Every structure is written in C-alpha cells, then in structure tokens.
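# Coordinate analysis (summary)
Listed here are the chains, written in short residue letters.
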Amino acid sequence: MCGIFAYLNFCVPKKRKEILDKLIKGLQRLEYRGYDSAGIGVDGGNDIEKSEQSTILIKKRGKVINLQEEIQGREDLNFDLEFETHLGIAHTRWATHGVPNNVNSHPQRSDSANEFIVVHNGIITNYKDIKKFLVGKGFEFESDTDTEVIAKLLKYMYDTRENDGISFRELVEGTVQQLEGAFAVVFKSTKFPGQAVASRRGSPLLIGIASKSKLSTDHIPILYSKGNNKDALNSANSTSSFQPANGDGQVEYFFASDASAIIEHTNRVIFMEDDDVAAVTDGCLSLHRIRRSVDESSTRQVQTLQMEIQQIMRGNYSTFMQKEIFEQPESVVNTMRGRINFEADTVHLGGLKQHINELKRCRRLIFIACGTSYHSAMATRQLLEELTELPVMVELASDFLDRKTPIFRDDVCFFISQSGETADTLMALRYCKGRGALTVGITNVVGSSISRETDCGVHINAGPEIGVASTKAYTSQFIALVMFGLMMCEDRISMQQRRKDIIQGLKELPDKIKEVLKLDEEVHSLAQELYQQKSVLIMGRGYNFATCLEGALKVKELTYMHSEGILAGELKHGPLALVDKAMPIIMIIMKDGTYTKCQNALQQVVARMGRPILLCEKGDTMSQKDAHRVMELPGIVDCLSGILTVIPLQLLSFHIAVLKGCDVDCPRNLAKSVTVE
C-alpha cells in the first residue's frame, strides 16, 4: 500500500538538488499507493571514504508536495553539494500502524544518530513480540509503527555481531529472518556508506539499472548462504554479481514498488522474488537467498520494460482518472489486439494455450478477486456459465480464505488483480496452488507476483492505471474473461452463432464506447443535480447487476457518498422501503433477457413516488415514459452491455467528486495496490 523509492548513484557525480529531485519525482509517481505522509533519508556529507557518514531525515505529514515544500524551505541543506556516490531512500505512506504524522512517517530509524534507517511497505505481524524483546534490551521507541522494530532489530544485530567483518547484507538477512508478515524493505546505514540492501516477502519491489555501458550480464545468479556456493558469497565478479561491462564503474540503481517510478530513468529492471535479498556494494549488485527451494530458478533476469513515459503522464486531462476513462476506446482494443481474428471469428489467448486441455476437462471454474476485479468476474459469470457449461463460482478473496473453501485438483482457479499484488488474492492463489488446482492469473502488470506465481494467465494490456479508482482495468478485465469464454466454446457447434454475435459486438465496442463518452456533458449536468445528496441507489439485474455494484463502489470511493448497488429482483425483499421522492435512484434497463422484469421493478419504484434516472437503449420509449431523467446508450449484444453502462457511472462519480472538491486521483483512506490484508 505504501510506495518505496531509492536511488543509488555510484561514480556518477550528482548534486544534492538532483538527488532530491529524483527522490521527490519517484514518490510523486508512487503517490497513488499512499498519501498520508512522506519522507526521505539522504547523506549529510559527501566524504564516502569516511568509515561513517551522517544521515539526514526529512519527513512530513500529508502529500508529497508538502515534503517537497519542507525540503525547499530547509536552510541547512547545501543543494549544490556534489556526491560521487550516494544512496537516498524515500517513502510515501498509507497508514496502518499509527496515525499520519511526522514521527510515524518513514524512513524509520534505529536511534537518534540514524545509524540504520529503513523504508517499508507491508505489515509486520509479529512486531509486538519483537518490540517487547527490544524494550527488554534497552531500546526506546518513538513511533507507533510496526516498521520501527525493523530498524532497531537491525541495530541490535549490529551491536551484538560476533565479528567486525560481517557485511551489511548479512545483517539484513539475519534481521528479515525474524520478521513475519508481508514486507518490501530498503535499508541505508551510516556504518556502510554507499551501500544499499533490499528484500521483499509478499510486497512488490523491483530494481532498475541505468548504465551508459553495456550490462555485463542479462542474468544475475542467486547466491545462497546455505548451499554449495557458500564460499562465493563475498566475490564480486561478473559471474556472481552485476556491474557495467566496460569497467569504469559508473552505474545508477533504482529501487521502487512499481515500474512507473523507474521508467523515466531506465527500462532495464529486475523483479525481486519473495525472500530475495539484493545488495549493492562498491557499485556491484548481487542477489542472495538463505537456502535453495525445490523448483526454484537460480537466476534473476534483467528485463526490458515496454512502458512509455507518456503512459504515466496526465496530458491534457485534469486528473489521471479522467484520462483513463477516456482511454477506454484504445485500452479495449489493446486488450483484444492479436487475440481476436474478426475475419475468421477465432480467439487465441497465448498465455492459456499450453493448458487448454486441462481447462476444458476441469470440474468447475472459480474466480477469486477483490473490489473492482471481483465485479469484473461477477459481470461475466452468466456468460461464462453459458459458454463453458461449467459451474462458475465468484469469490471475494478475503471471505474465500476465511471459510477455508474446499479446493480440488480438477478445479481451475482464476485470480484477478489489476496490480497483480493484491494481498488477499495472492494468499488465495497460494492456498489453491497448495491443493493442486490449476491457477490462472488475470493481471495488468507484467512481472507482478500473481503473473509469476500462476500456472498460466492473460495480461489485459490496459496500460498503466494511476488513478486509485479503477476504470479502464475493469473494462479490460471484462473483455479478457469474455475472450476466455469464447475460446472455451470454439469447437461447440451449438454455440457458433452466439460466438459470432459476441465477436461482432467486440468489434463494434470501441466505437460504441466513444459514443457513450460523448454523453460527458449530460453526465456533468446530472452530477450537478446529485452532488449535494447523501445517498444514491443503483438498480439493475442480469448482465447489469455487476454494473450496479461497480457504479456504487465508484461513487463511494470518489465522492464519500453512501451508495448501494441493488439487484432489481430483490427490490420487494427490503430495498423498496428506501424508495421515496427524495431518494436518488439510478436504474439500468437494457433490452436483454431481463427487460420485462426490469420494467416491473421500474413500475414498483414509480408507484412509491420514486423519480428514477434511467440508463437505457436508444429508442426505448416504453422505459423512458416513466423516468425522471434519461440517458440513452447505444445497443450492443446483451453480454457486453455492462461495459457501456458502467462508463456513465464512472463519469458520474468523477464529476460529483470534482463538484464536491474531493481529490479524484487520491481518495481519502484508500490506496491503489492493496498489499496488506
């Protein structure tokens, strides 16, 4: 949930202002991950030859802009001071333990001298036990965070070391072995100037490498503390660590929670795996693990990011969310590109090709996700049941784990997550994998934990999504699941006409989305009518029930209004009591198999003095005659209507949030990538 960014320049002279600008810009790129408070840790002086350096901590409650202003106002900082080699670490926080304030902000420190400092994303579940132990050893704590125990435990490890030759990396290895829970951490120490050590377990962390010279290797071997190569740990040659090939030593390293913070500096990255420990010493990067596991890769590949810097810029839009809503005509095309042949009516998902026989022989399909990703599975469940003729379960990951749901070897479990790092979904994946089920990932981030740990999967290719409230990822997840259903029924004669209709609908979809986006001014007018209300109900059924849930979630996330998605078929079983002339009610009525039943619900609302706002197909005069306001949408094949009906609700939540003065891209109390339970 938090954002980590660290920058190490080795033999690349940089002024302090340049270093601080890089750290601040990195945090701004990661601010969607948390924005309660932010902080940085940098060197006090520039004499790297000293056995010990001083460290300056600057921390500030609120957004990164507050930290930037605090830094600019510091008169004790010499911004022109040049550093040949320097490590700076930075953090933007989403509070879990301790209220947002300067003391609870990261980096957290070991002592008043800042000997060891750490930035951390995740939750340490055994921090109370460690804290009790350290208090017994005389340590005093100043914050309410779980993170502070990490820095102080590292200090304790250093103070009680058996020999003076112990390395920074070995100290960190000893420390993280004592931690339980999820974490990504980067450490800096005055005892080991110019060195960086990082580790992860359950939370994402990647390393960017920038060098003018060619890289000495594209694969960095893993070194094991307990294994056959124990004697090789201290070596720093090209076979056991990375360094520039030309020998001049000039190299820059970037550690970050997400690639969006790195892409403007380099596109060469290493995705760290759980329990990896990365160490940079004298400009050489080495990767370590305590012991070797069965079926574990012995190297980490240096990968090339395909992301473009323009994808993470706002352009002419006021917010990232607005940009991402209006990108949907292009993002849905990118999801389908190379996968659907509209001439031959065929669908090819390369990521599932090797497992297609297992998929077709399975006993049931289980879709596991959280939030918006859960709604994308709900939106396509009915179609998948129709096309696959298999039982389809849709599960909230947290509830799925709480119930210890029975899973069998002939089940196929799908794990849907925009970031690919959602903690509950990731834990559910490991639960299912341990029970022998085939696991399939549906993610938007290449190299994410879910994409690496599943047996196969589909990248939705929606492009980077920066706004905390998901928009284009939802519609791309929707389409990816539809394509899976089409692939599963390609050899069924009885399904051929249905397949052709759906594929034709997918072909028309980008133009239909553009048509819906033209309603933006109309939606803005509706937002002006609704933004002072305290509640809104959104009703529908069939293919559009998931749209009601997703629309209500968007209103909650962005506007802080109470909103509820209601299944129209349940109206008589309680929700009808809420209906009166003052309650805003949005009803979705499309010409599908539930059209007549939705008409009944509409009449029930009108009979109770309700004033429904209607989303319906063009020319649907029967529905429109009883509506307070009408928004006409283009018609499309029934199973895809949920994509068109959700877009006005995305726009509505955006406009209401703007009118209420809410922060659209960074809603209060939320963060983009939920990496804690």
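Structure's up top.
Residues numbered from 1 in each chain as written. Predicted model: local features only at pLDDT ≥ 70, side-chain atom pairs only at ≥ 80, totals over all residues. Heavy atoms only, no water.

## Re the packing of helix α3 (residues 127-136) against helix α4 (residues 148-159)
Taken N-terminus to C-terminus, the directions of α3 and α4 make an angle of 45°; their axes are 10 Å apart at the nearest point. Considering the angle they form, α3 stands oblique to α4. Regarding α3 and α4, the two cross each other, and that crossing is left-handed. In this structure, α3 uses Tyr 127, Ile 130, Lys 131, Phe 133 and Leu 134 to contact α4, whose residues at the interface are Val 149, Lys 152, Leu 153 and Tyr 156. (Axes fitted to C-alpha atoms, helices over the stretch in contact; angles between N-to-C directions. Helix = DSSP H or I, 4+ residues; strand = E, 2+ residues; numbered from the N terminus. Parallel < 35°, antiparallel > 145°, perpendicular 65-115°, else oblique. Left-handed = near helix turned anticlockwise from the far one by under 90°. Contact = heavy atoms within 4.5 Å.)

## Considering the sheet that holds strand β27 (residues 562-567)
Pairing between the strands of a sheet comes from backbone hydrogen bonds, and it takes one of two forms, parallel or antiparallel. In spatial order, the strands read β27-β26-β28-β29-β30; together these 5 strands make up an open sheet with parallel pairing. Strands with a single pairing partner mark the edges of an open sheet, and in this sheet they are β27 and β30 (629-633). Neighbour-to-neighbour, the strand axes of this sheet turn through a mean angle of 20°, independent of strand direction. Against the sheet, helix α16 (residues 545-559) touches β26 (535-540), β27 and β28 (584-589), its axis set at about 175° to β27. (Pairing = 2+ DSSP bridges.)

## So, the pattern of salt bridges
Applying the stated criterion across every chain yields a total of 36 salt bridges. Salt-bridge contacts for Lys 360 lead to Glu 490; the nearest nitrogen and oxygen are separated by 3.9 Å. Within this pair, whereas Lys 360 is found in helix α8 (residues 356-361), its partner Glu 490 is found in the loop between α13 (472-488) and α14 (496-517), the two being separated by 130 residues in sequence. With its nearest N and O atoms 2.8 Å apart, the salt bridge here joins Glu 386 to Arg 498. Linking Glu 386 in helix α9 (residues 371-388) with Arg 498 in helix α14, this pair joins segments that are 112 residues apart in sequence. A residue is classified by how much of its surface remains accessible, and Glu 386, at 29% relative accessible area, is partly exposed. (Salt bridge = Lys/Arg side-chain N within 4 Å of Asp/Glu carboxyl O. Buried < 20%, exposed > 50% of the residue type's maximum accessible area, 1.4 Å probe, protein only.)

## Some points on the pairing of strand β9 (residues 181-189)
Buried residues dominate β9, accounting for 8 of its 9 residues. Here strand β8 (residues 116-124) runs beside β9; their pairing, made up of 9 bridges, is antiparallel. The partner of Phe 116 across the bridge, within β9, is Ser 189. Both β9 and strand β10 (residues 196-201) contribute to a ladder of 4 bridges, which runs antiparallel. Across the sheet, residue Ala 184 finds its bridge partner in β10, namely Arg 200.

## A word on α16
Between its first and last C-alpha atoms α16 spans 21 Å; for 15 residues at 1.5 Å apiece the expected length is 21 Å, and the two agree. Taken across its 15 residues, α16 has 14 buried, putting it largely inside the fold. Once α16 ends, the next one or two residues include Tyr 560, with phi positive near 65°. (Expected span 1.5 Å × (residues − 1).)

## Here's the deal with the state of the cysteines
Taken as a whole and judged by the stated rule, the model has 0 disulfides. Here Cys 284 is not cross-linked by a disulfide; its sulfur's nearest cysteine counterpart is in Cys 11, at 10 Å. Cys 284 sits in the buried class, given a relative accessible area of 11%. Unpaired in terms of disulfides, Cys 362 finds its nearest cysteine sulfur in Cys 413, a separation of 9.5 Å. (Disulfide = S-S within 2.5 Å.)

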